[in-house]
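# Close look at the chain arrangement
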Amino acid sequence: MSSLIKLENVTKHYGTFQALKKINLEVDEGEVVCVIGPSGSGKSTMIRCINLLEQYDDTGKITVDGIEVQKGKNLKNVRAEVGMVFQNFNLFPHLSILKNVMLAPMRTRGISAADAEERALNLLRKVGIAEQADKFPTQLSGGQQQRVAIARALAMEPKVLLFDEPTSALDPEMVGEVLEVIQALALYGVTMIVVTHEMGFARKVADRVIFMDGGQIVEQGSPSDIFDNPKEPRAQNFLKAVLNH
Amino acid sequence: MKYGLRFLKTLLITIPVLLWTLSVYGQSSDPIKVGANIGNVPWEFQDTTGEFVGFEIELVKEVSKRLGREVDIMNVPFNGLFAATQSGRIDLAISSIAITETRLKSASFAQPYYDSDQSLTVRVGSGIASIEDLRGQIVAVDTGATGDMWATENHEKYGFAEIRRYEGLAPAMLDLTIGRIQGYISDIPAMQYYAKDKPGLQVAQRIKTGGSYSMMMGKNTPLVKQVNDVITALKQEGFITALHEKWFGAPADVNTSTVKVVDMPAADDGVILNFVETFLNTQVFLDTYPMLLMGLVTTIQLGVLSIIGGLVLGLILALARLYASKSVKFFVKAYIDIFRSIPLLVLLIIIFYALPFVGLSLSPFYAAATALIVVSGAYTAEIFRAGIEAIPKGQFEASEALGLGYRHMMSDIILPQAIKIVIPPLTNNCINVIKDTALASVVAMPDLLKQATQAQAVAANPTPLIAAAVIYLMFLLPLVLWVSRLENKFKVGDK
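Values in this document were obtained by computation on a predicted structure and should not be read as measured data.

### What to know about helix α18 (residues 406-436) of chain B
- Its 31 residues give α18(B) an end-to-end C-alpha distance of only 35 Å, which falls more than 12% under 45 Å, the value for a rise of 1.5 Å per residue.
- At Val422(B), α18(B) is deflected by roughly 55°, the largest bend along its length, and proline Pro424(B) occurs up to four residues later in sequence.

Dropping the structure here:
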């Protein structure tokens, strides 16, 4: 199986501060990777490099489906293949729920309004918000908004979905509904990289768990490897802290 | 952008009338306050030392001396003399003011001391020798002066393309020299004197209008009779004839009013106009409102063009300032800073009077529109920039992550949200642009204010100015109220 996403020696500096240190990572098609680790460990920075929301240093290289991720003409194509779901949803407040989901496919894939609407309604049904299609984002709860954001990302039929702490901004009672949607996607075989603090979710859904600290991938393996048998002391300490919390 | 001040200033001069009038009457030991359109050669102008000199300056000084009073001369534009006299702001006006029936309705004159005609002044070598040659050409006049009245009456007869109205001689002569106007119609003595040492200009034709000049004073004030009696004495002594010889280089004809003692022009009906008749004169309003409406149309056309142009330019500048390359950003920032610092009036004068020397001669309308667009573009750019910067970063990231290009990100996501934020400040800016159109009157553009000043000079009554103020209010006040409502609405939304 060929890897869909490939990071080779990816580093990232903010001035003199090094946020990522020689990250090497391959994600296969259909694989679900969960990224865990303490705050400031570079998890978000790493996945934001994959669609170039952060510019990584010249020395590294990232490819998505064989296309190098860099500034220029190809960037739009790469981004169309890489869906992203943000911590703060980032829905477009001036557009209805339906329009939020319809917009990008119409603008970038040249799909007719009628087709885009049909597809959007299908996706909203999948995430359980179809009846709210004509409302505006601020009229929805946080959990509902995040489900819309997932539908919006899916509307582009991306090859991979990036989740940047998708439940961190949610009230606790809404976390479940969002995780359920992501879990369902995993079952469909959607390739995903999920940065998360939800350890139970990671254990249940992930094919592979990556533990990051200090801008490095410290340890990776199957959920049981990481959660039951962590080898690196830093991973052990982190997991002890979050699991016994 | 607080340049609508000119208009306010005119109002402020006219409004405190009654108080002033009361305080001024009967205090003969005070200096006589004289208003004169300085620059009106050879009647009243500044010599190289800055001293006011001229035929009428010497005359008014002599008259005051004979009356045992000091004299205090101030510079007032021609079309401002009427409101200034009626309001008591000045006691007496000089500026080769022709005695007319209309003017006698609201002011009094002493006996005339000069008989004049109008004249046509042209550029040497322009091929224009008489009024007939001006068919289809642009002629110019001084706002509200006798030349203006004559040209307006004969507009159709001679088929002028346009009558352009200036404030004072200097700007009109500049435009005549560079060929923006083809002829200038004004009092013959002034033009002969002016053209004397200007080889590029010549007085091509005398236009027989008749008309006599005198000093204008508040209606039926005691000063009128006093001044008239002194003038009688000065004529008998030969003082005025001597003045004529000094300033025109030849003695006056014995049959003219410069030599002969004549009757004081009869006041219209002997009634001093009260406040309402002076400022809210129905008849004057009915006579002049078509002119005001024409001015309003011009003001709206100029305002709308400038607002749209300013919005487009501002948006482009804002986007360039935020997203262009470093060097472009630098120039855009410099542009914005410079044009927010330059007073609009200065810019307008530069565009109108200086650009022709590098071969770019814009009509008054387009010169004014250019100045307004250039400046309001700078302000609008800052408003748009603030609006765009107020959009959360997540909106940009979400758009980028979805693969939307820059154009779609802006047109579909960022600008629609920014517009809501910027509507109140943009509307404020639009109000300012519309008020600033009043400045266009300095480049002889017949906007609402210009038409109103002309109308008040012709009617010798300030009612048209009040009417113009009401018209400005009528279409700006709703905008102002709308902005306040919007601002309140957004405030509530923030809570």
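### As for a nonpolar patch on the surface
- On the surface, a nonpolar cluster with roughly 440 Å² of combined accessible area is contributed by Ile300(B), Val304(B), Ile308(B), Val312(B) and Ile316(B).
- Along the chain, Val312(B) turns up in helix α13 (residues 282-323).

### Things to note about the interface of chain B and chain A
- Each side of the interface is counted separately: chain B has 18 residues, and chain A has 22 residues.
- With both chains or domains summed, chain B and chain A bury close to 1600 Å², and 62% of this area falls on carbon and sulfur atoms.
- Of all residues in chain B, Glu397(B), Ala401(B) and Leu402(B) give up the largest surface area on contact with chain A, accounting jointly for 33% of the area buried on that side.
- Across the salt bridge formed by Arg107(A) and Asp412(B), the nearest N and O atoms sit 2.4 Å from each other.
- Across the contact surface, chain B and chain A share 6 residue pairs in polar contact (both at pLDDT 80 or more).
- At the level of secondary structure, the elements contributing two or more residues to the side of chain B that touches chain A comprise α17 (393-401) and α18 of chain B.
- At 8 residues, the largest contribution of residues to the side of chain B that touches chain A is made by α17(B).
- Residue composition of the side of chain B that touches chain A, grouped by class: 6 nonpolar, 7 polar and 5 charged.

### Concerning helix α4 (residues 113-126) of chain A
All names here are of chain A.
- For α4, spanning 14 residues, the distance from its first C-alpha to its last is 20 Å, which sits close to the expected 20 Å at 1.5 Å a residue.
- Burial in α4 covers these residues: Ala116, Ala120, Leu123 and Leu124. Angularly, the buried residues of α4 cover 100° about the axis, an arc narrow enough to put them on a single face. Among the exposed residues of α4, those oriented more than 90 degrees off its buried face are Ala114, Glu118, Arg125 and Lys126.
- Turning to α4, the residues buried within the fold contact α3 (97-109) and α5 (142-154).

### Some words on the packing of aromatic side chains
All names here are of chain B.
- Going through the model one piece at a time under the given rule, you end up with 20 aromatic pairs over all chains.
- Ring centres of Phe55 and Tyr113 lie 6.4 Å apart, and the angle between their planes is 20°; this geometry places the pair in the stacked category. Here Phe55, found in helix α3 (residues 55-66), pairs with Tyr113, found in the loop between β6 (107-109) and β7 (114-115); they are 58 residues apart in sequence, far enough to count as distant.
- Classification of Phe55 as buried rests on a relative accessible area of 0%.
- Members of the aromatic cluster, joined through ring pairs, are Trp43, Phe55, Tyr113, Tyr114, Tyr213 and Phe248.

### Points about the nonpolar core
- Core analysis: the biggest nonpolar cluster contains 99 residues, and Leu59(B), Leu92(B), Ile94(B), Tyr113(B), Met173(B), Met215(B) and Val227(B) have the highest contact counts within it.
- Excluding residues within four positions of it along the chain, Met173(B) makes contact with Tyr184(B), Met191(B), Tyr194(B) and Leu201(B).
- Ile97(A), Leu154(A), Ala202(A) and Ala206(A) belong to the second-largest nonpolar core, a separate cluster that totals 53 residues.

### Digging into the pattern of salt bridges
All names here are of chain B.
- Using the criterion set out here, one finds 29 salt bridges over all chains in the structure.
- One salt bridge connects Glu58 with Lys246, and the closest N-O pair in it is separated by 2.4 Å. With Glu58 in helix α3 and Lys246 in helix α11 (residues 239-248), this residue pair connects regions lying 188 residues apart in the sequence.
- For Glu58, a relative accessible area of 24% corresponds to the partly exposed category.
- Given the relative accessible area of 54%, Lys246 is considered exposed.

### Thoughts on the pairing of strand β8 (residues 118-123) of chain B
All names here are of chain B.
- Counting buried residues in β8 gives 5 out of 6 residues, a clear majority hidden from the surface.
- Relative to strand β11 (residues 183-187), β8 runs antiparallel, the two sharing 4 bridges. Each residue of the ladder has a partner; that of Gln118, found in β11, is Asp187.
- Bridge count for β8 against strand β12 (residues 201-207) is 6 bridges, and the pairing is antiparallel. Residue pairing for β12: Arg123 is matched across the bridge by Leu201.

### Considering the environment of Tyr353(B)
Residues and elements named next belong to chain B.
- Along the polypeptide, Tyr353 turns up in helix α15 (residues 344-354).
- Residue classification places Tyr353 among the buried positions, given a relative accessible area of 10%.
- Distance from Tyr353 to Val284, taken between C-alpha atoms, is 34 Å for residues 69 residues apart in sequence.
- If sequence neighbours within four positions are ignored, Tyr353 has contacts with Tyr166, Pro171, Leu174, Asp175, Arg180, Val442 and Val443.

### Let's talk about unusual backbone geometry
- Following Val41(B), the chain continues to Pro42(B) via a peptide bond in cis, the omega torsion being -10°.
- For Asn9(A), which is not glycine, the phi torsion reads 50° and is therefore positive.
- Here Asn9(A) is to be found in strand β1 (residues 3-14).
- The partly exposed category is assigned to Asn9(A), whose relative accessible area is 35%.
- Positive phi is not limited to glycine here, since Leu52(A) has a value of about 60°.
- Assignment of secondary structure puts Leu52(A) in the loop between α1 (43-50) and β4 (61-64).

Cut-offs used in this document
Residues numbered from 1 in each chain as written. Chains lettered and ligands numbered in written order. Predicted model: local features only at pLDDT ≥ 70, side-chain atom pairs only at ≥ 80, totals over all residues. Heavy atoms only, no water. Helix = DSSP H or I, 4+ residues; strand = E, 2+ residues; numbered from the N terminus. Expected span 1.5 Å × (residues − 1). Bend = angle between axes of the 7 residues up to and from the residue. Patch = residues over 30% accessible without salt bridge, like charges linked within 9 Å, V, L, I, M, F, W, Y side chains within 5 Å. Areas by Shrake-Rupley, 256 points an atom, 1.4 Å probe, with all protein chains shown as cover. Salt bridge = Lys/Arg side-chain N within 4 Å of Asp/Glu carboxyl O. Contact = heavy atoms within 4.5 Å. Buried area = accessible area lost by both parts, 1.4 Å probe. Polar contact = N/O pair within 3.5 Å; in protein donor to acceptor, adjacent residues only side chain to side chain. Nonpolar A, V, L, I, M, F, W, Y, C, P; charged D, E, K, R; others polar. Buried < 20%, exposed > 50% of the residue type's maximum accessible area, 1.4 Å probe, protein only. Arc of directions from axis to C-beta. Phe/Tyr/Trp six-rings, centres within 6.5 Å; stacked < 30°, edge-to-face > 60°. Core = buried A, V, L, I, M, F, W, Y, C linked by side-chain atoms within 4.5 Å. Pairing = 2+ DSSP bridges.

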